[in-house]
Structures are given as structure tokens and as C-alpha cells.
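# Descriptive structure summary
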Amino acid sequence: MKTKLYILVCICTVMASCTPTLQTQKQNKIAQAIKKEGDVFQTQGNYTAALSKLLDAEKIAPDDPYIQNSLGLAYMGKKKDDMAIQAFNKALALKPDYTEALNNLGAAYLRDEKWDIAIKTFNKVLEDITYPTPHYPLANIGWAQMEQNNYPLAQEYFLNALREVPGFIPAVHGLAQLYIRTGQTDRAMAYLDKNIKRYPGTVIFHADLAQAYEACGQVRQAIKAWQMVMQLVPENASLYLRAEQRLFDLQ
């Protein structure tokens with residue numbers, strides 16, 4: 001009788017320990033499926049729908065670092081950088097080696113104009129020698145340095161990003177802006193002409209070129225460049241509206 005009782009207790013104990021695990025696994029699968037839906041909305045630029053899905057996923061799996069990272073990106077899409085920072089920090093608290101979330105945290109600080117904190121964060125990203133896309137933090141440090149008028153350092157980081165990935169758009173755009181801001185308009189125009197020949201559909205290069213033309217008083221060329229911007233982007237895009245305003249002012 002004692003033996004039977006012992007076996008019965010063991011079975012119950014095993015079942016008791018397994019049941020929550022199975023339930024947790026099921027909940028995690030549901031949460032991941034909902035997260036996947038949210039991520040799809042995010043890639044489509046529908047940040048409201050993405051945020052709704054990701055918040056539902058968070059309710060089911062509040063301690064999932066990947067859900068927190070996606071939430072942070074959705075908050076950035078909604079221009080809620082303070083909430084994005086909280087989400088990325090939570091992702092890192094749950095998974096300290098989550099370098100992607102660390103890079104995203106740096107981007108949120110950059111957007112929030114917290115230049116020094118952004119630089120410090122991106123440098124931590126660069127400490128991970130296995131991080132597959134170091135050109136992102138390198139270019140982002142360049143932008144943070146440029147916003148603080150540290151032009152030689154900014155140029156160094158933009159060039160380092162371009163050594164990693166030649167033609168990397170944020171770094172090319174950064175260098176062009178650096179040349180314009182430091183009065184090197186001829187250099188900016190030559191640099192942009194070269195890159196536009198390589199990548200004619202990259203709208204930000206045409207916007208940079210228009211800005212360079214304006215800076216040196218070449219109004220006709222600036223008008224043509226802004227008109228090209230309007231041809232390349234949808235009417236509701238911010239660059240389209242900017243080009244429209246510049247053309248109104250120039251004409």
C-alpha cells in the first residue's frame with residue numbers, strides 16, 4: 001500500500017510540475033504569434049496596429065525581451081521616444097547580451113537628442129565584436145558628433161561606416177551634410193553627384209544636393225534637384241512636403 005501511495009504521489013508531483021511548463025509554452029507560442037503579426041504591421045509602417053498587437057503579446061509574455069524590443073521600435077514609430085527607451089531598457093534587463101536592443105536604445109537616445117548618452121550606448125554596441133552590422137552604430141555616432149559640432153570626429157565615424165559598407169546611405173548622407181554645414185559646398189556637390197550616379201533612386205541624396213545648390217546660390221539647379229525629390233517620393237512623405245515648400249520659396 002505504501003508503495004502504491006508513493007507512486008501516486010510521484011506521478012502527481014510530476015504532473016504538477018509539468019502542467020505549468022506546458023501552459024507556459026503554449027502561452028509563449030501565442031505571444032510569439034501575436035508578436036509576429038505586430039512585426040508585420042511594423043514593416044508596413046502601420047505603427048498603431050503594430051503597437052496594439054505587441055501590447056497584447058506583452059500581456060501574455062511580459063518578460064520576453066524580444067517583445068520589448070519590438071515594442072520599443074513601435075514606440076519610436078509613434079514618435080514616443082521616452083517610452084521606446086523604457087522598452088529597450090527592459091529588453092536589456094531581461095537579456096543583457098541583446099546587442100540589437102542596445103543599438104535600438106542608442107537610436108532612441110539619438111532621436112531624443114541625448115547625444116552623449118547615445119554615443120556611449122553605441123560604443124557599447126561596438127564592443128560586441130560579433131555584432132553583424134557595426135556600420136549602423138558607427139554612422140549613428142557620426143550623427144551624434146556632428147550635432148555637437150565635432151566635425152572631424154563625425155567625419156571619421158562616417159568614413160569608418162563606409163569602410164564597413166561602401167555606399168551605406170546614412171553615412172553618405174551624413175558626410176554630405178557635414179560638407180554642407182562646414183561650407184564645403186563644392187565638395188558636397190561633387191560627392192553627391194558621384195553617389196547619385198551610383199544610386200539614382202536614393203531620394204535623400206537629391207535633397208542633399210538641392211540643399212548644397214541653395215547654399216552656394218545656384219537656384220536653378222536647386223529647383224531641379226527639389227523637383228527630382230518630388231518625383232521620387234509619395235505626396236504625403238515628409239521629404240515631398242519639404243521639397244514642395246522649398247520650391248515655393250525659391251520660385
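Below is a short write-up of the structure. (Residues numbered from 1 in each chain as written. Predicted model: local features only at pLDDT ≥ 70, side-chain atom pairs only at ≥ 80, totals over all residues. Heavy atoms only, no water.)

## Some words on the overall build of the protein
In terms of regular secondary structure, the protein is built from 13 helices and zero strands. Relative to the 2.2 N^0.38 estimate, which gives 18 Å for 251 residues, the radius of gyration of the protein is 25 Å and therefore markedly larger than a compact globule would have. The principal-axis extents of the C-alpha atoms in the protein amount to approximately 100 × 35 × 30 Å. Counting only residues that meet the buried cut, the protein has 43% of its 251 residues in that class. A sequence separation of at least 24 residues applies to 45% of the contacts in the protein between residues at least 6 apart. Within the structure as shown, the protein displays about 14,300 Å² of accessible surface, and the carbon and sulfur contribution to it stands at 56%. Charged side chains of the protein number 27 positive and 25 negative; the gap between the two group centres comes to 6 Å. (Helix = DSSP H or I, 4+ residues; strand = E, 2+ residues; numbered from the N terminus. Rg over C-alpha atoms; globule rule 2.2 N^0.38 Å. Buried < 20%, exposed > 50% of the residue type's maximum accessible area, 1.4 Å probe, protein only. Contact = heavy atoms within 4.5 Å. Areas by Shrake-Rupley, 256 points an atom, 1.4 Å probe, with all protein chains shown as cover. Lys, Arg positive; Asp, Glu negative; His and termini not counted. Charge placed at Lys NZ, Arg CZ, Asp CG, Glu CD.)

## Things to note about the packing of aromatic side chains
For the structure shown, the criterion picks out four aromatic pairs. Judged by centre distance (5.8 Å) and plane angle (85°), the rings of Tyr179 and Tyr191 are edge-to-face. Of this pair, Tyr179 sits in helix α9 (residues 169–181) while Tyr191 is found in helix α10 (residues 185–198), placing the two residues 12 residues apart along the sequence. Considered together, Tyr179 and Tyr191 belong to a single accessibility category, that of buried residues. (Phe/Tyr/Trp six-rings, centres within 6.5 Å; stacked < 30°, edge-to-face > 60°.)

## Focus on the nonpolar core
By size, the foremost hydrophobic cluster in this structure holds 75 residues, and its most contacted members are Phe158 and Val229. When sequence neighbours within four positions are dropped, the list of residues in contact with Phe158 reads Ala139, Gly142, Trp143, Met146, Pro170, Ala171, Gly174, Leu175 and Leu178. (Core = buried A, V, L, I, M, F, W, Y, C linked by side-chain atoms within 4.5 Å.)

## Some points on helix α11 (residues 203–215)
With 13 residues, α11 ought to run about 18 Å at 1.5 Å a step, and its terminal C-alpha atoms sit 19 Å apart, in line with that. Within α11, 10 of the 13 residues are buried, leaving the element largely enclosed by the surrounding structure. Taken as a whole, α11 has its buried residues at Val203, Ile204, Phe205, His206, Ala207, Asp208, Leu209, Ala210, Ala212 and Tyr213. (Expected span 1.5 Å × (residues − 1).)

## What about the side chain of Gln42?
Here Gln42 is to be found in helix α1 (residues 2–43). For Gln42, a relative accessible area of 12% corresponds to the buried category.

## Describing the pattern of salt bridges
Under the criterion given, the structure shown has nine salt bridges. Here Lys59 and Asp56 are joined by a salt bridge, their closest N and O atoms 4.0 Å apart. Here Asp56 and Lys59 lie together in helix α2 (residues 47–60), a separation of three residues that amounts to about one turn. With relative accessibility at 68%, the residue Lys59 sits in the exposed group. Through salt bridges that share partners, Glu214, Arg246 and Asp249 make up one connected network. (Salt bridge = Lys/Arg side-chain N within 4 Å of Asp/Glu carboxyl O.)

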